[in-house]
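The primary structure of each chain is shown beneath.
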Amino acid sequence: MGFRDRGIEIKTPEQIDLMRVAGRLVGETLELLRAAVRPGVSTVELDTLAETNIRDHGGVPSFKGYSHPPFPATICASVNEEVVHGIPGPRVLAEGDVISIDCGAIVEGWHGDAAITVPVGEVAADVVELLRVTEESLWRGMAAARLGGRVTDISHAVETYVRGQGRYGILEDYTGHGIGTEMHMPPNVPNVGRRGRGPTLVEGLALAVEPMVTLGSKHTDLLEDEWTVATVDGSFAAHFEHTFTLTDRGAWVLTAVDGGESRLAELGVPFGGR
């Protein structure tokens, strides 16, 4: 086993390889769902597709039965002003909607966790830009991570990129997190903050980075289902997430189908995958 320092789980290279199996399954499931998003599809149909794919490939959904009250589904499906933790159901997607899909899987006791936000048909230009900015901030955050650096180097890079693109709301009450034998572990990975703070980035630390950005206010409400988080002003939101780690060669995005190699190269970051 890896060891824990202040509750932070440090994995061996062999354990990171196992996390890659779970992460790749999550990434492939999200690509399957991306292709299935269209006007007329229901969020529960997407959930069924995700669960079937995960179980058919030897995984177990991370989210189903998680926490209290138990989450009832395989994916979180958050539409429009819903930021995160939306519960799949009979809601049918319509042209102009966006849907954030958060997905987790467990393989041999190890977790992967990632999220995408997908436009439904043609969407407004400012929404297209919101999705671009949020996804790019995720990659900028991971690209800022270096062995020997600190967790908030990631936070600072996310915030700096988003702030430089316009007047967006960045959620502060919901953060990224450590991940491994549990889905949510120390340390938290905020989406705002000064660099050079928090735990040191070391080999064997796996983090889920997940910026959540809105077209309006950063403030949210928890809905009556006790899960869904929505913007208070009704503005559209986007959520992107990847699980990644650092090796002595560079960054490795465990939930990207290609390990993040192509996108990291565009950002000038060495690829640390195997």
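Residues numbered from 1 in each chain as written. Predicted model: local features only at pLDDT ≥ 70, side-chain atom pairs only at ≥ 80, totals over all residues. Heavy atoms only, no water.

1. Things to note about the sheet that holds strand β8 (residues 169-170)
Pairing is antiparallel across the open sheet formed by 3 strands, whose spatial order is β8-β12-β15. Edge positions in the sheet fall to β8 and β15 (237-239), since each has one partner strand and no second. Judged from the 2 bridges that link them, β8 and strand β12 (residues 212-214) form a sheet pairing that is antiparallel. Its bridge partner lying in β12, Gly169 is registered against Thr214. In this fold helix α3 (residues 125-143) packs onto β12 and β15, with an angle of close to 30 degrees to the strand it touches most, β15. (Pairing = 2+ DSSP bridges. Helix = DSSP H or I, 4+ residues; strand = E, 2+ residues; numbered from the N terminus. Contact = heavy atoms within 4.5 Å. Axes fitted to C-alpha atoms, helices over the stretch in contact; angles between N-to-C directions.)

2. Description of the layout of surface pockets
In this structure, the largest pocket spans a volume of roughly 320 Å³. In terms of residue class, the lining of the largest pocket is made up of 9 nonpolar, 7 polar and 4 charged. Estimated volume of the second largest pocket: approximately 210 Å³. Lining the second largest pocket are 16 residues, and of these Glu31, Arg34, Ile116, His242 and Ala256 lie nearest its centre. The element that contributes the greatest number of residues to the lining of the second largest pocket is helix α1 (residues 13-36), accounting for 4 residues. Tallied by class, residues from the lining of the second largest pocket come to 9 nonpolar, 3 polar and 4 charged. (1 Å grid on protein atoms, 1.4 Å probe; cavity = no way out; pocket = protein on both sides within 12 Å on 5 of 7 lines; lining within 4 Å. Points joined across faces, edges and corners; volume = space filled by probe spheres on them. Nonpolar A, V, L, I, M, F, W, Y, C, P; charged D, E, K, R; others polar.)

3. Structural notes on the side chain of Ser155
Relative to the helices and strands, Ser155 is located in helix α4 (residues 151-163). Within the local environment of Ser155, its side chain forms a polar contact with the backbone oxygen of Pro190, the two atoms lying 2.7 Å apart. Once residues within four sequence positions are removed from consideration, Ser155 is found in contact with Val189, Pro190, Asn191, Val192 and Gly193. (Polar contact = N/O pair within 3.5 Å; in protein donor to acceptor, adjacent residues only side chain to side chain.)

4. Considerations on empty space enclosed by the protein
Following the criterion strictly, the structure yields 1 cavity of 30 Å³ or more and no others. In this structure, the largest cavity spans a volume of roughly 40 Å³. Every residue lining the largest cavity is listed: Leu201, Val202, Leu205, Leu207, Phe244, Thr245 and Leu246. When residues of the lining of the largest cavity are assigned to their parent elements, the largest contribution, 3 residues, is made by strand β16 (residues 242-247). Residues that form the lining of the largest cavity fall into these classes: 6 nonpolar, 1 polar and no charged.

5. Overview of the pairing of strand β11 (residues 206-209)
Each regular strand shows side chains that alternate between the opposite faces of the sheet. Side chains of β11 alternate between two faces, with Ala206 and Ala208 and Leu207 and Val209 buried alike. Note that β11 and β16 share 4 bridges and pair antiparallel. Looking at the pairing, Ala208 lines up with Thr243 of β16. (Buried < 20%, exposed > 50% of the residue type's maximum accessible area, 1.4 Å probe, protein only.)

6. Here's the deal with the UniProt feature "binding site: substrate" (unreviewed entry) in the protein
Residues given the UniProt feature "binding site: substrate" (unreviewed entry) here are His85 and His184. Their sequence span is 100 residues, while the largest C-alpha to C-alpha distance among them is just 14.2 Å; these annotated residues converge on one region. Set against the largest pocket, the annotated residues that line it come down to His85 and His184. Structurally, His85 can be placed in the loop between β5 (82-84) and β6 (98-107). (UniProt positions renumbered as here; feature names shortened; annotations may be inferred.)

7. What about the packing of α1 against helix α2 (residues 43-56)?
Packing of α1 against α2 leaves a shortest axis separation of 10 Å and a crossing angle of 150 degrees. For α1 against α2, the interelement crossing comes out right-handed. Across the interface between the two elements, Leu25, Thr29, Leu32, Leu33 and Ala36 of α1 pack against Leu46, Leu49, Ala50, Asn53 and Ile54 of α2. (Left-handed = near helix turned anticlockwise from the far one by under 90°.)

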